[in-house]
Every structure is written in C-alpha cells, then in structure tokens.
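What follows is each chain in one-letter form.
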Amino acid sequence: KKKTLTALPELIDDGGGSAFAPLVVLELAPDTKEEAVAWLLSRIRDPQHSGGAELLVRQLGPGVEAGEKTNPNVFLVGASRRRLLSGAEDLGLFKEYSDGSMRGFTCANKLNFKGFTGDGDDFLSMAECQYIIKHELDTLRAKEETHVPGHSQAKLYPGKSIVRRLQSKGILVQMFPLHEKEELKRLSFSWYKKVKLAFQPLDDIRHYYGEGLGLYFGFLEYFTLALVPMALVGLPYYLFDWEDYDKYVVFAAFNLVWCTIILELWKQFSASLAFRWGTLSRKRAFEEPRPGFHGVLGFNPVTGREEPVYPAAKRHVRIYLVSVPFVLLCLYLSLHVMMIYFQMEGWALTLHDQDPTFWTGVLVFVPSVIYAVVIEIMNLIYRYAAEFLTEWENHRLESSYQNHLVLKVLVFNFFNCFASLFYIAFVMQDMVLLRQSLATLLITSQILNQVMEAFLPYWLQRRRNKKMIRRVQKRRTLGEQELPLEEQVRLEADMSTYLGTFDDYLELFLLFGYVSLFSCVYPLAAVLVVLNNVTEVYSDAFKMCHVFKRPFSDPAANIGVWQLAFEAMSVIAVVTNCALIGMSPQVKAYFPESDTQLILWTVAIEHFLLAVKFILTFLIPDVPKHIRIKLARLEFESLEALKRKLLMPPCQELDAPFQEAEFE
C-alpha cells in the first residue's frame, strides 16, 4: 500500500500562506551568518526562470523545551505538487503506464499513467518526492555571486553548485530526508518484526528507500537462497566425512558450477527488478563534481561553465607514486602479521603434541581467533587510510572516487583475509589445518560483524538519544502519543548517517570468497553463511528503520562495480578449486611417477573450465528475452511518436499531447 503525500502527519506553512508537507531537512552550522541564511532561503524559494529552485522552505521551531540550547539554523523543505510533477519530468522518472509498461513521466501524458488521479496527490512516493527535492537543491547554481554572503572564504563561480560548495566549506552540516512514521511502522512489521520464512518485501523497501537499497536487499536474499543447495549438500557431507579429508573432489567440482551459474542468473533477476522499478532503461544523469573536489578555476568544455580544474597528470602521480606504494606496504605488513600467526600456530600445536590435554586442545584454536580479530582491526584501519588517500587523490566525480576506493579496499581485504588460507592450502598443503583455520576465521568474523553492525550501533544510538527518549516518555505520560514535528526532526538529525551499501557489499563479497574458494574442505561454511545472512537481513532492517537517518533514494539499475568484484572472485574460485582437486590423493593416484603431468593436466582442465565459464557468460543473456522485447517495443513506439510529432502541421501542435496520448 502506497503512502500518499496528503496522508503525511502534518502540514506546515512556509510563511507566505502556502501549506506543504516537510520532506527534506537542511541543517546549517550554528555560526552561519544571517545574510548567508537569507540568501540561501531566497535562492531556494526563487522561481526557476530566475535561477531558483522554486521550493517551499520554513525554519524549524524551537520545540517543546524552548529554553534548551539548540541549533536555530534547521530548515524544512517541501514543494507544491505541480513543482514535484515538473521535477519528475525533468529527471526522467519512470512510472507505470496504463498498458503496464514503465515509461518516462511527462506532464503532457500524465493522465495515461496508472495511479494518476485528480491533481496527482498519490502519484509520487515520498522517496521519489525527496529525491526530486534533493536534485533541485543540488542543481541550484551560483549566478553572479563571487562568494557566499558573510563567508568570504566560500568562493563561488557562475554555474557552481551552491549546495556542494556549502557542504565542502562546512556551512551546510547535513541534508537528509524525513522518515514517514506510519509507513515506516508498516514496513518494519512486514520486514523484520515478524519472524517467518518468507521473502522480503522488496517492492515496499524500494518504495520507501529507493532502488539502490532495494537491489542490495534483493541481492542479499538471492545470495542466501543460492547458498541453500550448497548448504543442503554440505551438511551431510560434513557430518559423514568429518575425518576423511580426501573426499572433497566432488564438492570442489560442485563449487565450480555453482559460483558460475548463480552470478549469471543474478544478472537476469537484477534486470527483472530494475525493469519492474523503471531504472533499467533510465539514462544516467550528468555527474557534477564532488563536494570535496578542488583545483584552479578553469573552463569546462562540456558544460561551458567556469569551475575548478585539476590536471589528470597530477592525480596520476599521486595514485602511482603514493597510493600504490602505500597499498603494497600494507600488503607486506599483512604478510608479516600472517607469518607471526603461523609461528603462534606452530607453538600451540607443539605444546598440544607434547601434552595433549583439554586445555592445550583449546589453546590450538586461540592463535586463529586472535588472528581473525587482528584481521578485522587491520581491515578497519586500512579502510580509513584508503578513504584518506582516495580523497587526497582529488577525483572530480563521485563514481571515479568510489571505483578507486573499492579497488583499494578489495585488494587489501582479499589479501588480508585469504592469504593465510592460500598459504596453508598450497604451500603447507595441510588440509586439516586449512579446515580449522577456515572455520575459525569465518565464525570469528561473523561474530565480530554482528557485534559491530547490530549491537554496537544500537547501543551508541541509545546513549546519544537518552535525553530525547526521556522527552518522548514525558510527553506520553501527559497523554500525547505523537511526537511533535520539531522534536521528531531533531531526533532524526541526531541519528547516525547511513554511509551507503559499501560495507554491506564488502561483507557479502568476503563471505562469497570463503564459500567459493575453500568450502570444499569445510562444507559447513555454506550453512554458517546462510545463518549469518538470515540474521543480517533482520539486523540491517532494524538499523535502517531505527538507527540510521533515512537515506535519499538512489535510482540504481544494478549493483554496479560489485558485480565485477563477485565475477572476479568466481574466476579465482575456479583456479583454486581446480588446484585443490589436483592436490587430492585420488587424483594424484593417477600420476604416481610424474608431478609435471599432474600440473599440466590440472592447468589444462582449469583453462578449459574458465573457457566454459566465459562461454556461459555470453550464452546466458544479462537481460531476459521478454524484457528485451518490451524495451525494444518502447523504443520503437517512442521513435514513431517522435516522427508523428515532426511531421505534424503547425496548426495541430496544440493537439499534440492528446494525439500522443491516444497513440501511446
């Protein structure tokens, strides 16, 4: 059930007699100059033809306890329905058409879109309205101003994004969309408050949070279901062959097929979701420079505007002469820590062999547990260093920044988490120790992740909001069940900011690595990952609903660079599992006298399987056939409509919208 704009809990006045539903919160620094505040509000309210955003804005009131010191520079932003509909057309927002297809919304054809009645009160979801407002604020540009009034250090250039400059100079503290309490309650109930064996409400998640988070939770659900066959095979395999470490060949072969097929099928499932949500054929918006990007003032030949320019040669120098050596140094330190772990492991095993007691048996697992904890700490420290370096590289676009950050983090995390397992498997060739190390690393990392991702954020949030919680309880004792808008806004402003799906995808990437690379020697790994993912769904759902601010909608069509990361891991999994098969006693028995022949046959089979994998990539289409047909039909109809419009006599131009609607 969709939540309508008219059903929002409270309408407020913008000071000019126009009532609107507050959708987005702008918080400026407490010491922002009055002239800067007045200038910004004027630019937000100005009509579009004057270079403004033509939005509605009002300052947030002091709240219940007006005597308490609070930031006065908090503003609520909304928009009229007409402005939101024109913004949806400007953005090329896809909505469901009367024939069931997803098409770009136009005001001329608005009556032909499903769900559009009257003035379009319930046509756009709250998340879509907030995304439109964010877009309008982001594209608010400076005209002739040389700096932000009252802040001479905040330089402005004609065409420069005002909001991004305010963010980079610390004048704009935060900008976030408001939660809708009733809709959030319904989503919480259907998502995680009822413990049941059922699919997630992906359409409701997408409706409230946008396509980016909808695709993440869709991938989490798909990955969990894809692990079920491996878990069903691995559980009896683990139970009946506990002491027989040589019978992993069949499971390794199963791994080879599994890690290839599931990623190809995910592409089709992802395309189906994106098509249903209207983002598959949506054109990517032109990217503006990042808020943190800086440089000397120059001319952009694409936009025709003056803006900061930074030479690509300088950026490459920073990347290849600083960032790359730093990453290599971190890999060396990780290798050094790994060798210390092996020394501790050898000491513990020697002690247990000399005096095999219960306590020395427990001591055998201690080095692995310590090493797993150290791995998580090193990953965390490196993450901050990688963010600092990537910021220092001064990438112009957010997509470029994210790609370089993902690459740095993936390389280090992969090496840090899996180097010891590769060493044990292919240098020491100790399958017993490999099983023990894999189990310890996997279980310890899952426990730490659950503590860091679920319990710690909740605990910190409770501490941070103790005063506000007391206010809520106080008002309820007075018989008032609803928290006033002012208090609700300040409560949400103090909540943690959701930093995106980066860490969530990274965790799934590492779990996919544990399962696809070495689970043949520890078949229970798939079972543990399934259990982890089930708890991950509930913990992530709780955090999104109660710990984090509501994030802006992200109209994503796929999982982006993470698809390539998972595919790269699947290629490494083919090589790893072929090597493990080649090392098994059953296969070695066929080559009793020649290790060279064994290696050559293993490499040949591995190359053959990689070839089959890449052939399957081409044979299995990324987009299902029925969706490709629908997309082609929409493109054909759009071209035909354009031809009819171009061939139309001038006297019929006024009737064009109605003729297009009839044709559509």
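The rules we used
Residues numbered from 1 in each chain as written. Predicted model: local features only at pLDDT ≥ 70, side-chain atom pairs only at ≥ 80, totals over all residues. Heavy atoms only, no water. UniProt positions renumbered as here; feature names shortened; annotations may be inferred. Helix = DSSP H or I, 4+ residues; strand = E, 2+ residues; numbered from the N terminus. Buried < 20%, exposed > 50% of the residue type's maximum accessible area, 1.4 Å probe, protein only. Areas by Shrake-Rupley, 256 points an atom, 1.4 Å probe, with all protein chains shown as cover. 1 Å grid on protein atoms, 1.4 Å probe; cavity = no way out; pocket = protein on both sides within 12 Å on 5 of 7 lines; lining within 4 Å. Points joined across faces, edges and corners; volume = space filled by probe spheres on them. Nonpolar A, V, L, I, M, F, W, Y, C, P; charged D, E, K, R; others polar. Domains from an automatic or database assignment. Phe/Tyr/Trp six-rings, centres within 6.5 Å; stacked < 30°, edge-to-face > 60°. Lys NZ or Arg CZ within 6 Å of the ring centre and 35° of its normal. Contact = heavy atoms within 4.5 Å. Pairing = 2+ DSSP bridges. Axes fitted to C-alpha atoms, helices over the stretch in contact; angles between N-to-C directions. Expected span 1.5 Å × (residues − 1). Bend = angle between axes of the 7 residues up to and from the residue. Patch = residues over 30% accessible without salt bridge, like charges linked within 9 Å, V, L, I, M, F, W, Y side chains within 5 Å. Salt bridge = Lys/Arg side-chain N within 4 Å of Asp/Glu carboxyl O.

- Per an unreviewed UniProt entry, the protein goes by Anoctamin and derives from Salarias fasciatus.
- What UniProt records for the protein under Subcellular location (unreviewed entry) is the sentence "Membrane".
- Per its UniProt entry, the protein bears the Sequence similarities (unreviewed entry) comment "Belongs to the anoctamin family."

1. Focus on the overall build of the protein
Here is step 1: A tally of helices and strands in the protein yields 22 helices and twelve strands.
Here is step 2: For the protein, the residues scored as buried account for 50% of the 664 residues in total.
Here is step 3: In the structure as shown, the protein presents an accessible area of about 32400 Å², 64% of it carried by carbon and sulfur atoms.

2. Details of empty space enclosed by the protein
Space left empty within the atom packing is revealed by a probe, the size of a water molecule, rolled over the atoms.
Here is step 1: According to the stated counting rule, one finds nine cavities of 30 Å³ or more in the structure shown.
Here is step 2: If you trace the largest cavity, you find 16 residues lining it, with L93, E128, R206, E211 and S553 closest to the centre.
Here is step 3: No other element matches the three residues that helix α3 (residues 126–138) contributes to the lining of the largest cavity.
Here is step 4: Looking at the lining of the largest cavity, its residues break down into six nonpolar, six polar and four charged.
Here is step 5: Counting the residues that make up the lining of the largest cavity, at least three belong to each of domain 1 (24–178) and domain 2 (202–282 + 425–474 + 482–493 + 502–625).

3. Brief notes about the UniProt feature "transmembrane region" (unreviewed entry) in the protein
Here is step 1: UniProt tags residues 215–239, 245–266, 319–342, 362–384, 405–426, 438–460, 508–531 and 598–620 as "transmembrane region" (unreviewed entry).
Here is step 2: Between the end C-alpha atoms of residues 405–426 there is a gap of 30 Å, over a span that is 100% helix and 0% strand.

4. Details of the layout of surface pockets
Here is step 1: Considered as a void within the structure, the second largest pocket measures approximately 1200 Å³ in volume.
Here is step 2: Taken together, 38 residues form the lining of the second largest pocket, with L380, R383, M452, E453 and D503 sitting closest to its centre.
Here is step 3: The dominant element in the lining of the second largest pocket, judged by the number of residues it contributes, is helix α13 (residues 431–464), at nine residues.
Here is step 4: Looking at the lining of the second largest pocket, its residues break down into 22 nonpolar, seven polar and nine charged.
Here is step 5: When residues of the lining of the second largest pocket are assigned to domains, at least three fall in each of domain 2 (202–282 + 425–474 + 482–493 + 502–625) and domain 3 (311–393).

5. Notes on the packing of aromatic side chains
Here is step 1: If you walk through the whole model with that rule in mind, you get 35 aromatic pairs.
Here is step 2: Measuring from centroid to centroid gives 6.3 Å for F113 and F123, while their planes differ by 70°, and the two rings are edge-to-face. Here F113, found in the loop between β7 (102–104) and α3, pairs with F123, found in the loop between β7 and α3; they are ten residues apart in sequence, far enough to count as distant.
Here is step 3: Relative accessible area serves as the criterion here: at 3%, F113 is assigned to the buried category.
Here is step 4: Of note, K95 hangs over the ring of F123, and the distance from its end group to the ring centre comes to 5.1 Å.
Here is step 5: Residue placement shows K134 over the ring face of F552; its charged tip is 5.7 Å from the ring centre.

6. What about the environment of A386?
Here is step 1: Considering the arrangement of structural elements, one finds A386 in helix α11 (residues 366–392).
Here is step 2: Residues A386 and V327, spaced 59 residues apart in sequence, show a C-alpha to C-alpha distance of 8.5 Å.
Here is step 3: Residues contacting A386, with those up to four places away along its chain left out, are L405, K408 and V409.

7. Quick look at the sheet that holds strand β3 (residues 24–28)
Here is step 1: Spatial ordering of the open sheet is given by β4-β5-β3-β10, a layout of four strands whose pairing is antiparallel. Of all strands in the sheet, those bounded by a partner on one side alone are β4 (56–59) and β10 (172–177). Strand after strand, the sheet turns through a mean of 20° between neighbouring axes, direction not considered.
Here is step 2: Seen against the sheet, α3 touches β3, β5 (74–78) and β10 and runs at an angle of roughly 150° to β10.
Here is step 3: Where helix α15 (residues 485–493) meets the sheet, it contacts β3, β4, β5 and β10, and its direction lies at approximately 110° from that of β10.

8. Some points on helix α12 (residues 398–428)
Here is step 1: Helix length check: α12 (31 residues) gives 43 Å between terminal C-alpha atoms against 45 Å at 1.5 Å per residue, within 8%.
Here is step 2: Where α12 bends most, at F418, the angle is about 45°.
Here is step 3: In the stretch just after α12, Q429 is the one whose phi turns positive, near 50°.

9. Describing unusual backbone geometry
Here is step 1: Positive phi, normally seen in glycine, also occurs at E54, with a value near 55°.
Here is step 2: Here E54 lies in the loop between α1 (34–45) and β4.
Here is step 3: Since its relative accessible area comes to 23%, E54 is described here as partly exposed.
Here is step 4: Not every positive phi belongs to a glycine, and Q429 is a case in point at roughly 50°.
Here is step 5: If you trace the backbone, Q429 turns up in the loop between α12 and α13.
Here is step 6: Residue Q429 is classed as partly exposed on the basis of its relative accessible area, which comes to 44%.

10. Structural notes on helix α8 (residues 249–277)
Here is step 1: A rise of 1.5 Å per residue sets the reference length of α8, with its 29 residues, at 42 Å; its end C-alpha atoms lie 42 Å apart and thus fit the reference within 8%.
Here is step 2: Of the residues one or two after α8, G278 is the one with positive phi, at around 85°.

11. A look at a nonpolar patch on the surface
Here is step 1: On the surface, a nonpolar cluster with roughly 810 Å² of combined accessible area is contributed by V317, Y320, L321, V322, V324, L328, F388 and W392.
Here is step 2: Those elements that place two or more of their residues in the nonpolar patch are α9 (312–354) and α11.
Here is step 3: Considering each element in turn, the nonpolar patch owes the most residues, six residues, to α9.
Here is step 4: With respect to the helices, strands and loops of the structure, F388 is situated in helix α11.
Here is step 5: Judged by its relative accessible area of 60%, F388 is exposed.

12. Quick word on the side chain of N413
Here is step 1: In this structure, N413 sits in helix α12.
Here is step 2: You can call N413 buried: its relative accessible area is 3%.
Here is step 3: If we skip the residues at most four places from it in the chain, N413 touches N379, L506 and L510.

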